[in-house]
2 protein chains.
Amino acid sequence: MNPEREVTIYDIAKSLNISAATVSRGLKDHPGISKITKKKIFDAAKEMGYRFNSLASNLRRQRTNTIGVIVPRLNSSFMSDAIAGMEKVANDAGYNLIISQSLETVKKEVDNATTMFNNRVDGLLVSLAYDTKNISHFEQFINKGIPVIFFDRVFEHKKCPNIIIDNYKAGYEITRHLIEQGCKRVLHISGNQARNVYAERFRGYKDALSDMGLSFSDELLIINNLSSQGGVEAAVQILEMEKRPDAVFVANDSCAVSCMLELKRQGIRIPGDIAFAGFNNDPVTRVVEPNLTTINYQGEEMGELSAKILIAHLNNNQDLTLTHTLLLRHQLVIRPSSVKQ
Amino acid sequence: MNPEREVTIYDIAKSLNISAATVSRGLKDHPGISKITKKKIFDAAKEMGYRFNSLASNLRRQRTNTIGVIVPRLNSSFMSDAIAGMEKVANDAGYNLIISQSLETVKKEVDNATTMFNNRVDGLLVSLAYDTKNISHFEQFINKGIPVIFFDRVFEHKKCPNIIIDNYKAGYEITRHLIEQGCKRVLHISGNQARNVYAERFRGYKDALSDMGLSFSDELLIINNLSSQGGVEAAVQILEMEKRPDAVFVANDSCAVSCMLELKRQGIRIPGDIAFAGFNNDPVTRVVEPNLTTINYQGEEMGELSAKILIAHLNNNQDLTLTHTLLLRHQLVIRPSSVKQ
DNA sequence: TTGTAGGCGTTATCAC
DNA sequence: GTGATAACGCCTACAA
């Protein structure tokens, strides 16, 4: 007798002189098992140190109660909020989360997708890497009927719901807000235009300009990776411009803050000389001086919603194509100290 | 024939007129299989749309290549850094991460531990909840030889390595720094004293006071949950004090920042009237005005190290008791604008 | 209400 | 180099 051997339902069955099937049912609180038997089973299980083997169960049921999550990075304020929201919902519903980060590269995204696929996740929640151009690596899931939901950084695919905010509208609103303060030359700092979030914010910005009677020209657009470092570099670019902007709308807060602080360090008055606006409502926007006007959208809420939709689908096999694009609310957060005059 | 049925190694074997054992070995690049056969196997696998079934493999091998992670919250700057670090190391080593949060309650922590246990994680990385008083829920792992490593918020147990920074020393250093600026009345805001991190920082603070010839009294200690909200409340308390402190050392940055800003709003000059120091080197400390002096310790590094140690143990069955407490370096980060005069 | 039996897909052991 | 076979531990028709 191997002393390391795990206690199984067969051992319990033997000790109680009943069948393993009954033990299995008893442990699952199956209605067709007498109370007395159930009690005996639970007691024996506890006494014998039985532990349920999810692996065997998963193999048999062809299900894992596990959701795969693939995101660009785990450590951004927005992403960690989103994941916290997912975990809450998943945990409550009895699902586990397997989490991996693409570190903004397609290669890792593909690898991670393969691992998730082999590990038989029941569904996938994905926010795309910076340079992902197509989603062929997710087709294998779709072909097998494993639901894939994109959130925030999404991809149009008729089988995959997109959970996003209206980035176009948000970009439009925040740009209009800058113009309404009297700004005439609004520069925009954005990221890879293949990513919906950045393309849409830019589109909103552009339309706001033209609707408000201002014209756009290429020199008003800086594209970088939206990192803090990128913000500093953008500040240098701005300082070197012949005709400096009187407002800057940056497609994310961390880049906005570092750009703004660098300009401030160089003697530019904010918002007097140049007004600033960001995107994401990162905690720093409330702390930086002057505070940063931004777009609020709750990462936690987006994470919760994504998980809820996925789980609802998994539990009642709802048709995912019904909920194709789901827009979450966002708010323009105007911080008084960031407004001119 | 069920069209939904997955392709197995048996199907491949049949189509190639070889045995399933050979296919299994071939797919694993086993040395004792001829190149020709291997190629045939891989080609057939690809063509037939075979996907490896980790579940079956895990069941058979009695291993999952999965690491469980239990943390208080996923969305703090420190924790998401730590988890990002773990994910990087785990991913590179071929391990998956199952992540869950206790939301600072023992109850969830216990539940999560049970799930992880049943899911047969190969090892556990844990940072304890705010109110965890004992770790009996981890004994089941220890008894079965499943390694449990605590990081940051730890618990003394001879079988479980602790990965931390020297919180005592850090608390001492930052308090001394405040006193060296001429502060005579240093208040301390801390959290639950059952948690090593807070108890140790407090101990360091107290010893620094007495070593520098200052005396401690109970009114100089505020205990709360160290949230932003708690910071505001602490500010109110401080304003109401008869003899106000001329310095405040807070055991975490987010609480420090909100407390400081609230005092500033009430007309207190920082650092002129009251100097401030925090803990964690959260990004906001570089942005808030005045910048916040703090203790830096890299969450990412701590996460990486924790995962590395766990995986090293899993791979060569190293004795975990050898590395009992592992101290990571920390640095006192003095931000000029936070220093008096 | 309970039991029987077969299978989920892989891998380790032993044999040739 | 390759094959046969027996687990790994659970679940669920089907039968009684």
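Procedures and definitions
- Residues numbered from 1 in each chain as written.
- Chains lettered and ligands numbered in written order.
- Predicted model: local features only at pLDDT ≥ 70, side-chain atom pairs only at ≥ 80, totals over all residues.
- Helix = DSSP H or I, 4+ residues; strand = E, 2+ residues; numbered from the N terminus.
- Expected span 1.5 Å × (residues − 1).
- Buried ≥ 20, exposed ≤ 12 C-beta atoms within 10 Å, placed from the backbone.
- Near = placed C-beta within 6 Å.
- Nonpolar A, V, L, I, M, F, W, Y, C, P; charged D, E, K, R; others polar.
- Contact = placed C-beta atoms within 7 Å.
- Axes fitted to C-alpha atoms, helices over the stretch in contact; angles between N-to-C directions.
- Parallel < 35°, antiparallel > 145°, perpendicular 65-115°, else oblique.
- Left-handed = near helix turned anticlockwise from the far one by under 90°.
- Pairing = 2+ DSSP bridges.
- Least-squares fit on C-alpha atoms with pLDDT ≥ 70 in both.
- Domains from an automatic or database assignment.
- Core = buried A, V, L, I, M, F, W, Y, C linked by C-beta atoms within 7 Å.

### Focus: helix α6 (residues 106-118) of chain A
Residues and elements named next belong to chain A. Along its 13 residues, α6 runs 18 Å from first to last C-alpha, staying within 8% of the 18 Å computed at 1.5 Å per residue. Among the residues of α6, those classed as buried are E109, N112, A113, T115, M116 and F117. Once α6 ends, the next one or two residues include R120, with phi positive near 60 degrees.

### Focus on the protein's contact with DNA strand C
Lining the immediate surroundings of DNA strand C are 25 residues, of which S19, A21 and T22 of chain A together with N53 and A56 of chain B lie closest. For the surface near DNA strand C, the secondary structure elements donating two or more residues are α2 (20-27) and α4 (54-61) of chain A together with α1 (9-16), α2 (20-27) and α4 (54-61) of chain B. Across the surface near DNA strand C, the residue classes break down as 11 nonpolar, nine polar and five charged.

### Overview of the environment of V7 of chain A
Residue and element names in this part refer to chain A. Residue position: V7 is located in the segment before α1 (9-16). A count of 16 C-beta atoms within 10 Å places V7 in the partly exposed class. On a C-alpha basis, the gap between V7 and N53 in space is 9.8 Å, while along the polypeptide they are 46 residues apart. Among all residues touching V7, those that are not within four sequence positions of it are M48, G49 and Y50.

### Details of the packing of helix α5 (residues 77-92) of chain A against helix α12 (residues 299-316) of chain A
Residues and elements named next belong to chain A. Put simply, α5 and α12 touch, their axes get as near as 6 Å, and they point 40 degrees apart. Viewed along their axes, α5 and α12 adopt a mutual orientation that is oblique. Considering only the axes of α5 and α12, their crossing is right-handed. Contacts between α5 and α12 pair F78, M79, D81, A82, I83, A84, G85, M86, K88, V89 and A90 from the former with G299, E300, E301, M302, G303, E304, S306, A307, K308 and I311 from the latter.

### What about the pairing of strand β4 (residues 148-151) of chain B?
Residue and element names in this part refer to chain B. On β4, burial covers both faces: V148 and F150 on one face and I149 and F151 on the other are all buried. As paired strands, strand β3 (residues 123-126) and β4 are joined by three bridges and run parallel to one another. Following the sheet pairing, V126 is matched in β4 by F150. Pairing of β4 with strand β5 (residues 162-165) involves two bridges; the strand directions are parallel. Within β5, the residue paired with F150 across the bridge is N162.

### Side note on the relation of the copies chain A and chain B
Copy one and copy two of the chain differ by a rotation about an axis and a translation along that axis. Aligned on chain B, chain A shows an RMSD of 0.1 Å; the corresponding rotation is 180 degrees and the shift along the axis is 0.0 Å. Taken together, these values place the two copies in the relation of a two-fold axis. Relative to the rotation axis, the closest C-alpha in chain A is found at I98 of chain A, a distance of 2.3 Å. When the interface residues of chain A are mapped onto chain B, 100% of them are again interface residues, pointing to one common binding face.

### Considerations on the interface of chain A and chain B
Accessible area lost upon the coming together of the parts serves often as the stated size of an interface. In this assembly, 34 residues from chain A lie in contact with 34 residues from chain B. At the level of secondary structure, the elements contributing two or more residues to the side of chain A that touches chain B comprise α4, α5, β2 (96-101) and α6 of chain A. Residue composition of the side of chain A that touches chain B, grouped by class: 16 nonpolar, 12 polar and six charged.

### Observations regarding the sheet that holds strand β8 (residues 247-250) of chain A
Residues and elements named next belong to chain A. Read across the sheet, four strands follow the order β7-β6-β8-β9 without closing on themselves; strand pairing throughout is parallel. Edge strands, defined here as strands with exactly one partner in the open sheet, are β7 (221-223) and β9 (275-277). Going from strand to strand, the sheet's axes swing by 15 degrees on average, the running direction of each strand aside. Inspection of the sheet shows strand β6 (residues 186-190) paired to β8 by four bridges, in the parallel sense. In the sheet register, I189 faces β8, and the bridge partner there is V250.

### Quick notes on helix α9 (residues 196-211) of chain A
All names here are of chain A. When the terminal C-alpha atoms of α9 are compared, their 22 Å separation across 16 residues agrees well with the 22 Å that a helix rising 1.5 Å per residue should span. Turning to α9, its buried residues are V197, Y198, E200, R201, F202, G204, Y205, K206, A208 and L209. Lining the buried residues of α9 we find α8 (167-180), β6 and β8. A positive backbone phi angle near 80 degrees is found at G213, which sits one or two residues after α9.

### Focus on the domain arrangement of chain A
For chain A, the assigned domains are domain 1 (9-52), domain 2 (65-165 + 299-329) and domain 3 (167-296 + 332-338). Placing a centre on the C-alpha atoms of domain 1 of chain A and another on those of domain 2 of chain A gives a separation of 37 Å.

### Examining the protein's contact with DNA strand D
Taken together, the neighbourhood of DNA strand D is formed by 25 residues, with T8 and A56 of chain A together with S19, A21 and T22 of chain B sitting nearest. For the surface near DNA strand D, the element with the most residues is α4 of chain A, which contributes five residues. For the surface near DNA strand D, the residue count by class is 11 nonpolar, nine polar and five charged.

### What to know about the sheet that holds strand β9 (residues 275-277) of chain B
All names here are of chain B. Read across the open sheet, the four strands follow the order β7-β6-β8-β9; overall the sheet is parallel. Pairing within the sheet leaves two strands with one partner each, and these edge strands are β7 (221-223) and β9. Averaged over all pairs of adjacent strands, the angle between their axes in this sheet comes to 15 degrees, without regard to strand direction. Bridge analysis of strand β6 (residues 186-190) against β7 gives three bridges, and the strand direction is parallel.

### Re the nonpolar core
Judged by nonpolar contacts, the single largest core of 175 residues is most densely connected at V69, L125 and C259 of chain A together with V69, L125 and C259 of chain B. Aside from chain neighbours lying at most four places away, what touches L125 of chain A is I67, V69, M86, I149, F151, S306, A307 and L310 of chain A.

### Considering unusual backbone geometry
Between I270 of chain B and P271 of chain B the backbone carries a cis peptide bond, its omega angle lying at 0 degrees. Tracing the chain through its elements places P271 of chain B in the loop between α11 (253-265) and β9. P290 of chain B follows E289 of chain B through a cis peptide bond whose omega is -5 degrees. Take P290 of chain B: it is sitting in the loop between β9 and β10 (294-296). Backbone geometry places N17 of chain A, a non-glycine residue, at a positive phi of 60 degrees. Structurally, the position occupied by N17 of chain A is in the loop between α1 and α2. We note that L226 of chain A has phi near 65 degrees; this positive angle belongs to a residue other than glycine. Secondary-structure assignment places L226 of chain A in the loop between β7 and α10 (228-240).

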